Amino acid sequence: MKNLLLYGLLLWGSITGVAAQNAEVTGHIISDTKTPVVGATVRLKGTVRGVISDTNGDFTLKADHQDTLQISAIGYVPIEIRAIPGKRMIITLKDKQQDLSEVVVVGFGAQKKLAVTGAISSVGTKELTQSPVANLSNALAGRLPGLTTLQTSGEPGYDGAQLWIRGMATFSGSQSPLILVDGVERSFGSIDANEVATVSILKDAASTAVYGVRGANGVVLVTTRRGTEGRSNITATVQQGIQMPTRLPEYLDSYDALTLYRTALINDGKNSAMYTDEYLNKFRDRSKPSYAYLYPNVNWLKEMIRPSASMMQANINVSGGTSSVRHFVSLSYLRQNGLYNFADQIKDYDIQARSNRYNFRSNIDLDINKYLVMELNLGSIIRDNNFPPIGAGDIFGSLQAMQPWLYPMTNPDGSISGLDSKAINPYGRMTQGGYQRNFENTLQATSGFTLQLPFVTQGLSLRGRLSFDSYSYRNVRRVKNLWTYQYSLADENETDLSKGTYRRIWEGTNTLSYDVFANSNRRTWIELYANYNRIFAQKHAVTGMLLYNQQSYFDQVGSGNAIAGLPYKYNGFVGRGTYAYNDTYFAEINFGYNGSENFPRGKRYDLFPSMSAGWIMSNESFMKGKLSFVSLFKWRGSVGTVGNDKIGQRRFLYQSTWSLNAGGYQFGRDYNGVAYTGAAEDVLGATNVTWEKALKYNLGMDLGLFNDAFTATADVFYERRKNILAQPGTIPATLGITSLPYLNLGEVENKGFELEAQLRKRFRNINYFIKGNVSYAQNKILQMDEPSFQDRPYIKRTGRSINEQYSMIALGLFQSQEDIDNSPDQSQFGRIVPGDIKYKDMNGDHVINELDRAYNGKVTVPTTMAGLALGFNSKLIDVSILFQGAFGGNVWLTGDAVWPFSGDVGVMADVKDNYWTTDRPNAKYPRLSSSANVNNNQISTYWMTSRNYVRLKNVEIGFTLPKSILSRVGLKTGRFFVNGLNLITWDKLKIFDPEIPNDSRNYPQQKVFNGGLTIGL
């Protein structure tokens, strides 16, 4: 009996011992700001077992009650904690005052910054919300090294920035990066900054190869916020701002402009007798009521454009959860008003540019059991936009094209003024021509499951995601013709203006039409993952991923020459494997094997591999003990191949197209009597067409000094882009081929560097920081199949930058008739006199003509971008300042809005006292001409100006309410803030905003003054 009892006790002990060893500990690791800590190392003390926390900060590890867990993550204080099997542990790591970039979002996952071997830059919620912008893309300027931004419009709803990552590397097709929101291809400009956790840009092959045929132009990853376990935090923000143009061109009044016109007539030897001082003074004299109508002086931009407009934003978000359900829910509203004047005076309809945007986002994570986690992400963006009946470009173009002396905005009886020569009055066209109302609705839904498989092997998991996005719009356009009238008064001294007469200039239907344009598109996205991460012998960390994804994008309308109704298809496999030894040596292999329906059968798929490595030299014994002030010294290197399938102006380039009803012989008639005519071959197909292929190299260095008080990152890169689509240029026209197919003939190299440095220090109770970045990218065309141009090498694009400009080369202004006589003949452009522009004779034939146009060595897109952020915070006050600059770009100042009297337009104020005379030989503008001057109005380097600028991009000052006050009103947090955007610009251009293209006929970029309140419950 005793033996039996002893046997039973031993059996029970063995069973419970096995059970204890097989128990599982599940945990969720968060920072002290309640955000998940991705890539934290969890080791079982005294053993070789360990795992890495996933993208949600979760981990699962076999342990019993007697075990101790050792938890560490870069940027956080390591801790040891007793394991608690059977209960989900919430583990908080204390931040070492490192920013969000310590956890880096990468393609299809996340990594510790310590382990990253690629070139990735990130920015977090705090920085993004400091900029009072309506479009999120504009909050990135100056904050991310390697990112070029160019905002060309400030129009509500259409004010997004153009983006390039590491400059340009192709001269055909798309140069824009791939943009993904929570791993799904989506636009991100309309997302509220309060919803965003991080925005990351992936720049080299190690980080973009997983996107295969679509990653060559770089990738922008937007990650939205997620909930963490704990009490729900409710945060509400309300802010109100005032917008005003950063800069509008100024034009001369009627008196000054006509005075210059008189000078121009004299220069041209024409009759200027009518422009006497007495006549000109009437355009300023308002002593007689008739003068305002007979001698008008209208500043059209000032009259039609308000000095400011309001903008309002509000957001409320809730974050928190339990051990099994975590949630983040956000609701936002944005109202952005336009600058158009007189909108309030129109009773029948609204012509003001206005954008109302409603954002909703809900991200939920549900632990179904200890192995299975579900995610459900829902997002909706609703836009209600209102505009005048014509576009912003037409409006600003017409305002700048109107002479102030031509006619007033309205006649004495309130009717719209007009003349036979210019019947369309900008005031009438904008206010009396109707309106348009545009409705947009975007729905985004993603559902997924993650299954941990520790019972198969430690560190193995499976994941599946399904996403469905839908976008629809309904645009209502209601327009009408307007009647304009010419007002005449027999006696200009008459004080009774009602005695004047009116003549109708323009007649038409004066009732509103009704046109509706509506359509939609949708995108489905599927991903299936197998993930593995594990630590062996405490020093060997291994991770792996294999993924299949596919997407289908269905656009009912199609674009360009796309075939409407035929969906775009992508699918492929993605793989990643990483190895780290003792947190010192890192190696990574990535590949994307995917395809595109843009290419012929049998040539749609390819493998895009990359490999990279990292070495933390500061962990070596020869540095660790001797240079204690060096907290991090890391080298990174990568090489790989990535593709770009957005290379043509149409889909299915491998197919030839035919043009119907091409004329020629008739083949009968239809029932309406219309003849059937023949078909003709239109565009020849390129049967061997394939994607661009980019071979990318990157070498980087990460440095941390004095316990990371000072950090720096530097990268140099080189890219060789091949298979760029180009039309053959060496096939002579004598062969009779009128439509040559596009072939993969081009080759471009792109190289540059990036540098980012940051200093964070604490002085008594004040934390302060200085952070700067600069990036440079320069490209060169190596091959594009063009003729040798042996007689004119200056028109050959090979060897030049992609967007280098083509023009006449100006040598300044002729100063004398002797100078003209001793220079090449420019008489093809008309009579040449002193003060006209002098051009370079490029081919040496002593004649200036079209054969002397050349590539001029100047590009429009900046080659160098820079940013400098600095600030401090104490217990109650925080200040942050951001300067942003762009260098190396140029802008054309061409067209009748710039060239005086070249058309029926006004005269820029900058011309006054800046045009050539014998007393001003080095003037900014040529001599005045009374009409379009063919010689001076050539597209030439004379009219190309540097768009280099430095902006005080963003300033924010915040005041945090003391807890003693907050507790009285039941608030957890409270903060007042004021901030501004585009506050000061230093540049050479002066007359236009340096980011606005060409002659500035566009809605101006906005300067914003903003204030608000954030409270937490």
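Predicted model only: the values in this text are computed from it and were never measured. (Residues numbered from 1 in each chain as written. Predicted model: local features only at pLDDT ≥ 70, side-chain atom pairs only at ≥ 80, totals over all residues. Heavy atoms only, no water.)

K.L.:
Is there a simple way to think about the overall build of the protein chain in this case?
P.N.:
Regarding its fold elements, the protein chain presents 12 helices and 51 strands. What you see for the protein chain is a C-alpha radius of gyration of 33 Å, in line with the 31 Å of a compact globule of 1017 residues. Each of the three principal axes of the protein chain carries a C-alpha extent, and together these read 135 × 80 × 75 Å. Going through the 1017 residues of the protein chain one by one, you find that 53% of them count as buried. Across the protein chain, every contact between residues at least 6 apart in sequence was considered, and the portion connecting residues at least 24 apart equals 70%. Here the protein chain displays about 44400 Å² of accessible surface, and carbon together with sulfur accounts for 56% of that area. Seen as two clouds, the 105 positive and the 89 negative side-chain charges of the protein chain have centres 9 Å apart. (Helix = DSSP H or I, 4+ residues; strand = E, 2+ residues; numbered from the N terminus. Rg over C-alpha atoms; globule rule 2.2 N^0.38 Å. Buried < 20%, exposed > 50% of the residue type's maximum accessible area, 1.4 Å probe, protein only. Contact = heavy atoms within 4.5 Å. Areas by Shrake-Rupley, 256 points an atom, 1.4 Å probe, with all protein chains shown as cover. Lys, Arg positive; Asp, Glu negative; His and termini not counted. Charge placed at Lys NZ, Arg CZ, Asp CG, Glu CD.)

K.L.:
So what exactly am I meant to see when it comes to the packing of aromatic side chains here?
P.N.:
Each aromatic ring pair is described using two quantities: the centre-to-centre distance and the angle formed by the ring planes. Scanning all chains against the criterion turns up 37 aromatic pairs. With 5.1 Å between their ring centres and 55° between their planes, Tyr261 and Phe901 make a pair best called tilted. Of this pair, Tyr261 sits in helix H4 (residues 254–267) while Phe901 sits in the loop between strand E47 (890–892) and strand E48 (944–946); the two residues are 640 residues apart in sequence, bridging distant segments of the chain. Centroid distance Phe342 to Tyr427: 5.2 Å. Interplanar angle 80°. Geometry classified as edge-to-face. Taken together, the residues Phe342 in the loop between strand E19 (325–337) and strand E20 (354–367) and Tyr427 in helix H9 (residues 426–431) connect sequence positions 85 residues apart. (Phe/Tyr/Trp six-rings, centres within 6.5 Å; stacked < 30°, edge-to-face > 60°.)

K.L.:
Can you walk me through the pattern of salt bridges in this structure?
P.N.:
Opposite charge on two side chains lets them pair, provided their charged atoms get close. Evaluation of the coordinates by the stated rule reveals 48 salt bridges. In this structure, Lys693 and Asp606 form a salt bridge, with 2.8 Å as the shortest nitrogen-oxygen distance. A residue pair is termed long-range when its members are at least 10 positions apart, and Lys693 in strand E37 (residues 692–705) and Asp606 in strand E31 (residues 605–616) qualify at 87 residues. Among the ionic pairs, Arg853 bridges to Glu850, the shortest N-O distance being 2.6 Å. What makes Arg853 buried here is its relative accessible area of 12%. Salt bridges sharing partners connect three or more residues here, namely Asp58, Arg88, Glu229, Arg326 and Asp367. (Salt bridge = Lys/Arg side-chain N within 4 Å of Asp/Glu carboxyl O.)

K.L.:
How should the side chain of Thr860 be read in this particular structure?
P.N.:
Of note, Thr860 is situated in the loop between strand E44 (854–859) and strand E45 (864–873). A polar contact of 3.0 Å, which involves the side chain of Thr860, links it to the side chain of Asn803. (Polar contact = N/O pair within 3.5 Å; in protein donor to acceptor, adjacent residues only side chain to side chain.)

K.L.:
Sorry, what's going on with the nonpolar core here?
P.N.:
As a rule of thumb, nonpolar side chains are buried together in soluble globular proteins. Leu260, Trp300, Met304, Tyr340, Met908 and Val911 are the most contacted members of the largest nonpolar core, which totals 65 residues. Put simply, the parts of the chain that give this core at least two residues each are H4, helix H7 (300–304), helix H8 (392–401), H9, strand E42 (810–813) and strand E43 (837–839). Once residues within four sequence positions are removed from consideration, Trp300 is found in contact with Leu399, Met402, Gln403, Pro404, Tyr407, Pro408, Met409, Asn425, Pro426 and Tyr427. In this structure, Leu144, Ala161, Ile179 and Ile201 belong to the second largest nonpolar core, which totals 26 residues. (Core = buried A, V, L, I, M, F, W, Y, C linked by side-chain atoms within 4.5 Å.)

K.L.:
What am I meant to see in the sheet that holds strand E15 (residues 196–202) here?
P.N.:
Consider a sheet: its strands pair through backbone hydrogen bonds, and that pairing is either parallel or antiparallel. Taken together, five strands build an open sheet; the order of strands is E10-E15-E16-E13-E14 and the sheet is mixed. The sheet terminates laterally at strand E10 (120–124) and strand E14 (184–185), the two strands that pair on one side only. One ladder, built from six bridges, connects E15 with strand E16 (residues 219–224); its direction is antiparallel. Looking across to E16, one finds that Thr198 is bridged to Thr223. (Pairing = 2+ DSSP bridges.)

K.L.:
Explain the sheet that holds strand E7 (residues 88–93) here, please?
P.N.:
Ordered by their spatial adjacency, three strands build an open sheet running E4-E1-E7, and the pairing between neighbours is mixed. Each having just a single partner strand, strand E4 (58–62) and E7 make up the two edges of the open sheet. Strand-to-strand twist across the sheet, computed as the mean angle between neighbouring axes with direction ignored, equals 30°. Sheet topology note: the strand E1 (residues 24–31)/E4 ladder contains five bridges and is antiparallel. (Axes fitted to C-alpha atoms, helices over the stretch in contact; angles between N-to-C directions.)

K.L.:
Even after reading the chapter, I still don't get H8, so can you show me in this structure?
P.N.:
An α-helix turns once every 3.6 residues. As a result, residues three or four positions apart point the same way. With eight of 10 residues buried, H8 lies mostly within the body of the structure. Those residues of H8 that sit buried are Ala392, Ile395, Phe396, Gly397, Ser398, Leu399, Gln400 and Ala401. The inward-facing, buried residues of H8 abut H7 and H9.

K.L.:
Mind showing me how you'd approach the side chain of Asp878 here?
P.N.:
You can see Asp878 is positioned in strand E46 (residues 877–887). Since its relative accessible area comes to 16%, Asp878 is described here as buried. Polar side-chain contacts of Asp878 include one of 2.7 Å to the side chain of Arg975. Discounting chain neighbours no more than four positions away, the residues touching Asp878 are Phe872, Asn873, Glu956, Ile957, Gly958, Phe959, Thr960 and Arg975.

K.L.:
Would you mind going over a nonpolar patch on the surface with me for this structure?
P.N.:
Taken together, the side chains of Phe763, Ile766, Tyr768, Phe872, Ile877, Ile957, Phe959, Phe976, Val978 and Leu1013 make up a nonpolar region of the molecular surface, amounting to roughly 830 Å² of accessible area. Mapping Phe959 onto the fold places it in strand E49 (residues 949–960). (Patch = residues over 30% accessible without salt bridge, like charges linked within 9 Å, V, L, I, M, F, W, Y side chains within 5 Å.)

K.L.:
Can you walk me through the environment of Gly885 in this structure?
P.N.:
With respect to the helices and strands, the residue Gly885 is situated in strand E46. Along the chain, Gly885 and Leu811 lie 74 residues apart, while their C-alpha atoms are 29 Å from each other. With sequence-adjacent residues up to four places away left out, Gly885 is seen in contact with Thr864, Met865, Ala866, Tyr949 and Val950.

K.L.:
I keep staring at the confidence of the model for the protein chain and nothing clicks. Help me out?
P.N.:
Detailed conclusions should not be drawn from predicted coordinates in areas where pLDDT is low. Put simply, the protein chain has an average pLDDT of 89, and 94% of its residues get 70 or more. The low-confidence segment residues 97–101, where pLDDT is below 50, has 12 contacts with residues more than four positions distant or belonging to other chains. (pLDDT = per-residue confidence, 0-100.)

K.L.:
Could you clarify how one ought to interpret the environment of Leu294 in this entry?
P.N.:
Along the chain, Leu294 falls in helix H6 (residues 291–294). For the pair formed by Leu294 and Glu492, sequence separation is 198 residues and the distance between their alpha carbons is 7.5 Å.

K.L.:
Is there a simple way to think about H4 in this case?
P.N.:
Its 14 residues give H4 an end-to-end C-alpha distance of 20 Å, which sits within 8% of 20 Å, the value for a rise of 1.5 Å per residue. If you check which residues of H4 are buried, you get Ser254, Asp256, Ala257, Leu258, Thr259, Leu260, Ala264 and Leu265. Against helix H5 (277–281) lie the buried residues of H4. One or two residues past the end of H4 sits Gly269, with phi positive at roughly 70°. (Expected span 1.5 Å × (residues − 1).)

K.L.:
What's the story with unusual backbone geometry in this structure? I'm lost.
P.N.:
Peptide bonds are trans in most cases, and residues, glycine excluded, mostly fall at negative phi. In this structure, His846 is a non-glycine residue whose phi angle is positive, near 65°. Topologically, His846 is positioned in the loop between E43 and E44. A relative accessible area of 58% means that His846 is categorised as exposed. For Phe901, which is not a glycine, the phi torsion comes out positive at approximately 60°.

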